[in-house]
Amino acid sequence: MLFLILVAGTIIFAEETIKKTQAKELTAREILEKTDAQNDTRDQFSQIKMTLIDKSSKESSRKVTLWTKGDRKRLIKFLAPADVKGVGFLVLDADTPEEKMYLYLPAYKKIRRIAGSAKRGSFMGTDFSYDDIGSSNYSQDYDPERLPDEEHQFVLELKKKKDSEVGYDKLIAWISPEVFVPTKVEFYKIKRVEEKESFELAKIMTVEKIENIKKYWMPTKLVMENIDKEHKTILELDQIEVDRGLSDELFTLRYLQR
Amino acid sequence: MDIKMTHKFLTWILTFIWVLTVSFLSSADAETSLNGYIKLDERVLTEDAGEYSWNRATLGLKVKSELSEEVAGYGEMKIITKDYPDINSPSDLTSKSNVTPVDMELREAYLDVFGFPFPSTDLRAGKQRIAWGTADRLNQVDNLNPFDFSDIVELGKKIPTNSIKLTNYLGDNTLTAAMIPVFTPAVMPTTYDNYISTTVANNLPSGMRLTTLESRVTLPQNKLENSMFAAKLSRSILGYDMSLSYFSGYDNIPNLANLTLTAVSLTQVSAEVTQNYPKIQAFGYDLAGSFRGIGLWAEIAYLKTDNFIQEVVLNKITTTEVTTAEVKDYIKYTLGFDYTFPNDFYINTQVMHGFFDERGKDLSDMLLTRLEKKIFNEKIKLTFTWLGDYDHKFIGNLFWPQITWYPAEATEIQLGSLSIHGEIGSKLEIMETLDQVYLQAKYSF
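What counts as what
- Residues numbered from 1 in each chain as written.
- Chains lettered and ligands numbered in written order.
- Predicted model: local features only at pLDDT ≥ 70, side-chain atom pairs only at ≥ 80, totals over all residues.
- Heavy atoms only, no water.
- Pairing = 2+ DSSP bridges.
- Helix = DSSP H or I, 4+ residues; strand = E, 2+ residues; numbered from the N terminus.
- Expected span 1.5 Å × (residues − 1).
- Buried < 20%, exposed > 50% of the residue type's maximum accessible area, 1.4 Å probe, protein only.
- Arc of directions from axis to C-beta.
- Contact = heavy atoms within 4.5 Å.
- Polar contact = N/O pair within 3.5 Å; in protein donor to acceptor, adjacent residues only side chain to side chain.
- Buried area = accessible area lost by both parts, 1.4 Å probe.
- Salt bridge = Lys/Arg side-chain N within 4 Å of Asp/Glu carboxyl O.
- Nonpolar A, V, L, I, M, F, W, Y, C, P; charged D, E, K, R; others polar.
- Patch = residues over 30% accessible without salt bridge, like charges linked within 9 Å, V, L, I, M, F, W, Y side chains within 5 Å.
- Areas by Shrake-Rupley, 256 points an atom, 1.4 Å probe, with all protein chains shown as cover.
- Axes fitted to C-alpha atoms, helices over the stretch in contact; angles between N-to-C directions.

### Remarks on the pairing of strand 17 (residues 330-340) of chain B
Residues and elements named next belong to chain B. With 9 bridges joining them, strand 14 (residues 294-306) and strand 17 adopt antiparallel strand pairing. Paired with Ala298 across the strands is Leu335, a residue of strand 17. Where strand 17 and strand 18 (residues 346-353) come together, 8 bridges link them in antiparallel fashion. Counterpart to Phe337 in the pairing with strand 18 is Thr349. Linkage of strand 17 to strand 18, two consecutive antiparallel strands, is achieved through a turn of 5 residues, within which Asp344 is found at a positive phi near 70°.

### Notes on helix 3 (residues 192-203) of chain B
All names here are of chain B. A rise of 1.5 Å per residue sets the reference length of helix 3, with its 12 residues, at 16 Å; its end C-alpha atoms lie 17 Å apart and thus fit the reference within 8%. For helix 3, the set of buried residues is Tyr192, Ile196 and Val200. The buried side chains of helix 3 occupy one side of the element, clustering within an arc of 80° when seen end-on. Summarising the contacts, the buried residues of helix 3 are in contact with strand 8 (209-217), strand 11 (255-263) and strand 12 (268-276).

### Remarks on the environment of Phe89 of chain A
Residues and elements named next belong to chain A. Here Phe89 is to be found in strand 4 (residues 88-92). Given a relative accessible area of 3%, Phe89 falls into the buried group. Residues Phe89 and Leu75, spaced 14 residues apart in sequence, show a C-alpha to C-alpha distance of 5.8 Å. Dropping the residues within four chain positions of it, Phe89 is found in contact with Arg74, Leu75, Ile76, Phe78, Met101, Tyr102, Leu103, Tyr130 and Leu256.

### Digging into the side chain of Asn98 of chain B
Relative to the assigned elements, Asn98 of chain B resides in helix 2 (residues 96-99). Within polar-contact distance, the side chain of Asn98 of chain B engages the side chain of Ser95 of chain B at 2.7 Å.

### Points about the interface of chain B and chain A
In this assembly, 49 residues from chain B lie in contact with 28 residues from chain A. Together, the buried faces of chain B and chain A total about 2,900 Å²; carbon and sulfur atoms form 41% of this surface. Taken as a group, Tyr169, Asn377 and Glu409 of chain B account for 20% of the area that chain B buries against chain A, more than any other trio of residues on that side. Counting every contact that joins chain B to chain A gives 4 salt bridges. For the salt bridge of Arg112 of chain A with Asp136 of chain B, the shortest nitrogen-to-oxygen distance reads 3.8 Å. Put simply, chain B and chain A have 20 residue pairs in polar contact (both at pLDDT 80 or more) between them. Secondary structure elements with two or more residues in the side of chain B that touches chain A: strand 1 (31-45), strand 4 (102-114), strand 5 (121-128), strand 10 (240-250), strand 13 (279-291), strand 14, strand 17 and strand 18 of chain B. A per-class count over the side of chain B that touches chain A returns 19 nonpolar, 18 polar and 12 charged.

### Description of the pairing of strand 10 of chain B
Residue and element names in this part refer to chain B. Among the 11 residues in strand 10, 8 count as buried, and that is most of the element. Relative to strand 10, strand 9 (residues 228-237) is paired through 9 bridges, and the arrangement is antiparallel. For Phe229, the partnering residue across the bridge sits in strand 10 and is Ser248. Taking the residues between adjacent antiparallel strands as the criterion, strand 9 and strand 10 are bridged by 2 residues, where Leu238 takes a positive phi near 50°. Where strand 10 lies against strand 13, 10 bridges are found, and the strand directions are antiparallel. Across the sheet, residue Tyr246 finds its bridge partner in strand 13, namely Phe283.

### Details of the side chain of Thr51 of chain A
All names here are of chain A. Among the secondary structure elements, Thr51 is positioned in strand 1 (residues 43-53). Residue classification places Thr51 among the buried residues on the basis of a relative accessible area of 10%. Other than its neighbours up to four places away in sequence, Thr51 contacts Glu59, Ser60, Ser61, Lys232, Thr233, Ile234 and Glu236.

### Quick look at a nonpolar patch on the surface
Together, Ile38, Leu40, Leu59, Tyr443 and Phe445 of chain B line one region of the surface with nonpolar side chains, adding up to about 420 Å² of accessible area. Note that Leu40 of chain B resides in strand 1.

### As for the sheet that holds strand 8 of chain B
Residue and element names in this part refer to chain B. Taken in spatial order, the 5 strands of this open sheet run 8-12-11-15-16, and their pairing is mixed. Edge positions in the sheet fall to strand 8 and strand 16 (320-326), since each has one partner strand and no second. Adjacent strand axes in the sheet meet at a mean angle of 15°, parallel and antiparallel pairs treated alike. Where strand 8 and strand 12 come together, 7 bridges link them in parallel fashion. Residue Val217 lies in a different strand from strand 12, and its bridge partner there is Gln275. Across the sheet, helix 3 touches strand 8, strand 11, strand 12 and strand 15 (309-315), and the angle it forms with strand 11 is around 50°.

### Comments concerning the pattern of salt bridges
Evaluation of the coordinates by the stated rule reveals 34 salt bridges over all chains. Its salt-bridge partner being Asp357 of chain B, residue Lys427 of chain B comes within 3.1 Å of it at the nearest N-O pair. Remark: Asp357 of chain B occurs in the loop between strand 18 and strand 19 (365-375) and Lys427 of chain B occurs in helix 4 (residues 427-430); sequence separation between them is 70 residues. We classify Lys427 of chain B as buried; its relative accessible area is 18%. Overall, Asp357 of chain B belongs to the partly exposed group, its relative accessible area being 32%. What you see here is one network of salt bridges that share partners, running through Arg112 of chain A together with Asp136, Arg370 and Glu372 of chain B.

Fair warning: the whole summary comes from geometry, so function is off the table for now.
Listed below in structure tokens is the structure:
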């Protein structure tokens, strides 16, 4: 019996050691690709509650429903507060040069095409930008470089690619080696003072809860903190469904206004 | 039945229909939501020694009901307190409806049938807004609903009308067809009477004085042959959304069709003004897209007129002179762009060739620029709008600063002012009396 326990223990230890050795050998690009793959769902549905907390700890909240299909299609319907209820936001060909964004305003019965520059702006007054919501393909927009691991987590420095239009110039991401989900991301922007460039910390995102949904490990509670504004947003995902075969028809102007 | 009684009767009818609809939809197996808002609006005219021009409280109610995946209904109504007590005689003091008068407006009430009559087609029937065009409020191809000029703060606002709309989605193409059975004229601004008297005064023979002015309006008859039709084909080409549209109906802004001046003595004339709504066809093209992060849009309308006459008849003591001008086919357009800077500063600029009320070849150019910046974690929004009337030089300017405060969820308070200046005879000169300061508060639920 003791022999069996010893053998089992040895096997488990060996597996862990192999995993750790393999993990240590992973390149920055491989880690980033594995991280992206964790969110590589065919489609996704979730209800998102956003709690905004200002520097005097005053809270307010927002609620939206989010549908995504692959990396390229997103539909957001605003549920609360009442003054934005019914507003819809559709993104097609997301994160490509052909990206198209539409906003449906029920009060005007009108769909408006939104300029690309608007996606850098705040999403419903939260600390997330339109770009942050539903977007998580880091490999496409950033070149990774591996930094020394910290507290058993991979640490990557991601620098914006020259042709990318994302709103941040550099990220530092702490990634769980077990599930390849970022547990913390620091967002930096370039600050220019007298022709000197430096990276200034703009936001910090911390993942507080990770859940396994079907085969995917997904962050279901995140906190985004805006350093400059001393403001933070807690984002909680609920009723998550993945790979349920959402139709392409959902991501059309027809459904945006329904 | 006098006008007051008719109004009261209609109000009760509308209330009844509203309650009935809500009750029916709530009792059926429908997913029904009731939302609305409360809005307070106080305005003071600065040109007129602090006279209150608006003193309104509005309760807006919106009901949306989805009976099934295929059928849904929507209704929106407003109950608005009128600006002042309506007291014209001592007996009015005994009437609550005169002391605290209230207006009721059914803004929209329509039924949606999705996938009807074909799976790729949606039908919407009822009182509805059909918004066409890509420009920001300065639309040139949006001819289906009449203008509502009653509130200068809501520039370019339209009135929903009873209509039937069919939208067919075939691949990347969207084909929309609409029918508006009965013509509805635009609601004209409060300065419209001034505009008529100024036009009459400009046509008076020198040395003559006006004694009486009679004005009448001729609307198209409510007949099937006068129904209005429109169609639009939209699709995306090379990343830009484009539409071709066609409208056959009536211009909803009145045309001064006939001005008859009759000399009643050697120095005095009486005037009769007849206004009508000429038949028009509008061929439209619009485009919207984004280039290097800049939002771009364009709208162009070719308007083909039918018997669009403006006639001035001068009956002198012994002779009659008739001057006739015909409004020929013409083109109007709007070009615009917007951009959000990395610091969230937003700019939106449009050039409009041919303002809403202008027809013919002699069209003015308007430049509208709006600047926005949100501060204090988007608790406050600063907006500055400038409208310039350009005719080789700027002959009129409208300056419109506004500050919006969001003190709590679904709540906004706006403080703004309108300052209008125009050279004599310009469009904005007539509107100078509308200089005002306003305070609005809105809570949505």
